[in-house]
Amino acid sequence: MAVDVKTILLMDDSEIVLEVASEALESAGFAVLKASNLAQLDDHQAQHTFDLVVLDVQMPEIYGDDVGVVMKQVRAVEVPVVLFSSIDRGELAARAREAGLEAAVSKNDGVDALVERIKQLLADG
């Protein structure tokens, strides 16, 4: 019986965060597509299917919540989108809510919290 591996699209401008988070997600059994900028994100969206998106909020080109809005409202992405940032938890939750995104996880809670939240979201779906 084939195992259905879920694919996570992860965008962060920090190579360290990309490596640490993708390693944690892969250890949890997920496949990970990494993007450090909008061009890479667009390439992944054009070439791959994915089950969930994780976006950093504070990036040089654009805020992650704005990317989430475009993905949901313009590109009709139907998978869960999670904001993952070190900004204040209250602000992070508000940004996710205002953008119509499914979840927000503080980087201060670590990658284990991100992995657990992703597992919950994908189990609900």
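Keep in mind it's a predicted model, so treat the numbers as computed, not measured.

Caption draft 1: Quick peek at helix α1 (residues 15–27). In this model α1 runs 18 Å from its N-terminal to its C-terminal C-alpha over 13 residues, within 8% of the 18 Å that 1.5 Å per residue would give. Here α1 has its buried residues at Val17, Leu18, Ala21, Ser22, Ala24 and Leu25. The arc enclosing the buried residues of α1, seen along the axis, measures out at 160°, which places them on a common side. Of the exposed residues in α1, the ones pointing more than 90 degrees away from its buried face are Ile16, Glu23 and Ser27. Structurally, α1 contributes buried residues whose contacts are with β1 (7–11), β2 (31–35), β4 (81–85) and α5 (111–124). In the segment just after α1, Gly29 is the residue with positive phi, at about 100°.

Caption draft 2: Structural view of the pairing of β1. With 5 of its 5 residues buried, β1 lies for the most part within the structure. Because side chains alternate across β1, one face comprises the buried residues Thr7, Leu9 and Met11, and the other comprises Ile8 and Leu10, equally buried. Handedness of the crossover joining β1 and β2 through α1 is recorded here as right-handed.

The rules behind these values
Residues numbered from 1 in each chain as written. Predicted model: local features only at pLDDT ≥ 70, side-chain atom pairs only at ≥ 80, totals over all residues. Heavy atoms only, no water. Helix = DSSP H or I, 4+ residues; strand = E, 2+ residues; numbered from the N terminus. Expected span 1.5 Å × (residues − 1). Buried < 20%, exposed > 50% of the residue type's maximum accessible area, 1.4 Å probe, protein only. Arc of directions from axis to C-beta. Contact = heavy atoms within 4.5 Å. Right-handed = clockwise from strand over helix to strand, strands pointing away.

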